[in-house]
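Geometric and topological summary
The chain contents come next:
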Amino acid sequence: MKTLKIAIQKSGRLNEKSVEILKTCGLSFENYKSSLISSVTNFPLEILFLRDDDIPEYVQDGIADLGIVGENVIEETGADVHYLQKLGFGKCTLKIAVPATESYTSIEELNGKAIATSYPVILDNFLKSKGVEAQIRVISGSVEIGPGLGLSDAICDIVSTGGTLKNNGLKPFADVMRSEAVLIANKTIYDAPEVAELLQRIRSVLKAKSNKYVVLNVERYNLEKVVALLPGVKSPTIVPLFEENWVAVHSVIAEEDFWEKINSLKAAGAEGILVLPIEKIIV
Ligand code: ATP
Ligand code: MG
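For clarity, every value in this text was computed on a predicted model and none was experimentally measured.

So, how was this worked out
- Residues numbered from 1 in each chain as written.
- Chains lettered and ligands numbered in written order.
- Predicted model: local features only at pLDDT ≥ 70, side-chain atom pairs only at ≥ 80, totals over all residues.
- Heavy atoms only, no water.
- Core = buried A, V, L, I, M, F, W, Y, C linked by side-chain atoms within 4.5 Å.
- Buried < 20%, exposed > 50% of the residue type's maximum accessible area, 1.4 Å probe, protein only.
- Helix = DSSP H or I, 4+ residues; strand = E, 2+ residues; numbered from the N terminus.
- Contact = heavy atoms within 4.5 Å.
- Pairing = 2+ DSSP bridges.
- Axes fitted to C-alpha atoms, helices over the stretch in contact; angles between N-to-C directions.
- Salt bridge = Lys/Arg side-chain N within 4 Å of Asp/Glu carboxyl O.
- Near = heavy atom within 4 Å.
- Polar contact = N/O pair within 3.5 Å; in protein donor to acceptor, adjacent residues only side chain to side chain.
- Areas by Shrake-Rupley, 256 points an atom, 1.4 Å probe, with all protein chains shown as cover.
- 1 Å grid on protein atoms, 1.4 Å probe; cavity = no way out; pocket = protein on both sides within 12 Å on 5 of 7 lines; lining within 4 Å.
- Sits in = over half its atoms within 2 Å of the grid points.
- Nonpolar A, V, L, I, M, F, W, Y, C, P; charged D, E, K, R; others polar.
- Disulfide = S-S within 2.5 Å.
- UniProt positions renumbered as here; feature names shortened; annotations may be inferred.

What follows covers the nonpolar core. Across soluble globular proteins, nonpolar side chains have a tendency to be buried as a group. Counting residues in hydrophobic clusters, the biggest one holds 31 residues, and the most contacted among them are Ile6, Leu27, Leu66, Ile68, Leu87 and Leu183. Of all the elements in the fold, those that place two or more residues in this core are strand 1 (4-9), helix 1 (15-24), strand 3 (45-50), strand 4 (66-70), strand 11 (181-185) and helix 6 (193-209). Among the elements that make up this core, the one with the highest residue count is helix 6 (6 residues). When near neighbours in sequence (up to four residues on either side) are disregarded, Leu66 contacts Leu4, Lys5, Ile6, Ala7, Val59, Leu84, Leu183, Ile184, Ala185, Val195 and Leu198. In terms of nonpolar packing, the next biggest core, distinct from the first, is built from 18 residues, Ile96, Tyr119, Phe126 and Val176 among them.

Next up, the structure:
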């Protein structure tokens, strides 16, 4: 098997989750300390720890075969890579924000204004798509202070909670792009068998994360009502309890309809409900 190289962020918002997903896939390796490369001991894989800005181009050029990086960074660098899988973390939105005292109502009002950003490419594409001509001022960080310093009329930056905006007297005005961490591959290697093996493992971890294992007790006469609420991976497992006419039902439910399901299950007669995390689901 060819030894693949996967590039992940060295330190920052995506580092911990990137390491976690690879470890949950059963890969064993040393976390980044001072060396930029770590070898996986039980899979033909090397991990490169890089600045996130460099990851898309390294993957495009084949220096790394795979990478984990935010969609925003891929779009900004314009790298030509193959998208393999969204990873469900590092979610954020790139937004245009304006001083809280302003009362802009439409995007056109940004015509002729100056906008500070670290994402000039994404912002330029967005403004073009809206037919707006504004001046883009590129700053590499702390973009939020732009309007306060008189450097710009607005900013375009990543917003997750909006706290930083508020603290700097700004308010969100328009959404430019949503982003999350994705697994990308070099275009010449994305369908190689080694990649497929790793991708299968990553997908089984993601699937497990979005589901819960549920165990509950129910009296037999309520069983059908309860089972109707629990489709399970195939169908639920029913185990008789020592107490006559009672059974335990084991099943898998999606995290997203968890609370709704739990309430319906209780109403249908389920008792002693246990909810457990799942490590992997292999399908
Ligand atoms: P590096 O040193 O690797 O260049 P960085 O400072 O550019 O790191 P981070 O702040 O660690 O980047 O963010 C990495 C990625 O995490 C972003 O590009 C984005 O995709 C995602 N992200 C998610 N939420 C946020 C947020 N609230 N603020 C900034 N980035 C976020
Ligand atoms: Mg960066």
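This part covers the sheet that holds strand 5 (residues 82-86). Judged by pairing direction, the sheet is mixed, and its 6 strands sit side by side in the order 2-3-1-4-11-5 without closing on themselves. Of all the strands in the sheet, just strand 2 (37-39) and strand 5 have a single pairing partner and so form its edges. Across the sheet, the axes of successive neighbouring strands diverge by a mean angle of 25°, strand direction being ignored. Inspection of the sheet shows strand 1 paired to strand 4 by 2 bridges, in the parallel sense. Paired with Ala7 across the bridge in strand 4 is Gly67. Where helix 1 meets the sheet, it contacts strand 1, strand 3 and strand 4, and its direction lies at approximately 145° from that of strand 1. Running over the sheet, helix 6 touches strand 1, strand 3, strand 4, strand 5 and strand 11 and is turned about 25° from strand 5.

Further remarks concern the pairing of strand 1. Counting buried positions over the 6 residues of strand 1 gives 5, a clear majority of the element. Taken together, the 6 bridges between strand 1 and strand 3 define a ladder with parallel strand orientation. Considered in strand 3, the bridge of Ile8 is made with Phe49.

The strand order 8-7-9-6-10 describes an open sheet built from 5 strands, whose pairing is mixed. Two strands close off the open sheet at either side, each with one partner strand: strand 8 (135-138) and strand 10 (170-179). Along the sheet, successive strands turn relative to each other by an average axial angle of 30°, direction set aside. Where strand 7 (residues 114-117) meets strand 8, 4 bridges bridge the pair, whose relative direction is parallel. Its bridge partner being in strand 8, Ala114 is matched across the sheet by Gln135. Against the sheet, helix 4 (residues 120-130) touches strand 6 (92-99), strand 7, strand 8, strand 9 (154-159) and strand 10, its axis set at about 170° to strand 8.

This part covers the pattern of salt bridges. The tally for this structure, following the rule as stated, stands at 11 salt bridges. Lys95 is paired through a salt bridge with Asp175; the nearest N and O atoms lie 3.6 Å apart. In this pair, Lys95 is assigned in strand 6 and Asp175 in strand 10, connecting sequence segments 80 residues apart. Connected via shared salt-bridge partners are Lys95, Asp175 and Arg178.

Looking now at the site of ligand 1. Arg51, Asp52, Asp53, Asn72 and Ser160 are the nearest of the 16 residues found near ligand 1. The separation between an oxygen atom of ligand 1 and a polar side-chain atom of Asp53 is 2.7 Å. A total of 620 Å² of accessible area belongs to ligand 1 in isolation, and the protein chains cover 77% of it. Of all the cavities here, the one that holds ligand 1 is the largest pocket. Class assignment for the residues of the shell around ligand 1 results in 4 nonpolar, 7 polar and 5 charged.

This structure, assessed with the given rule, holds 0 disulfides. Here Cys92 stays free of any disulfide, with the sulfur of Cys156 as its closest cysteine sulfur at 11 Å.

In this section: the UniProt feature "domain: ATP phosphoribosyltransferase catalytic" (unreviewed entry) in the chain. Sites flagged by UniProt as "domain: ATP phosphoribosyltransferase catalytic" (unreviewed entry) map to residues 51-203. Helix makes up 26% of residues 51-203 and strand 31%. Its end C-alpha atoms lie 25 Å apart.

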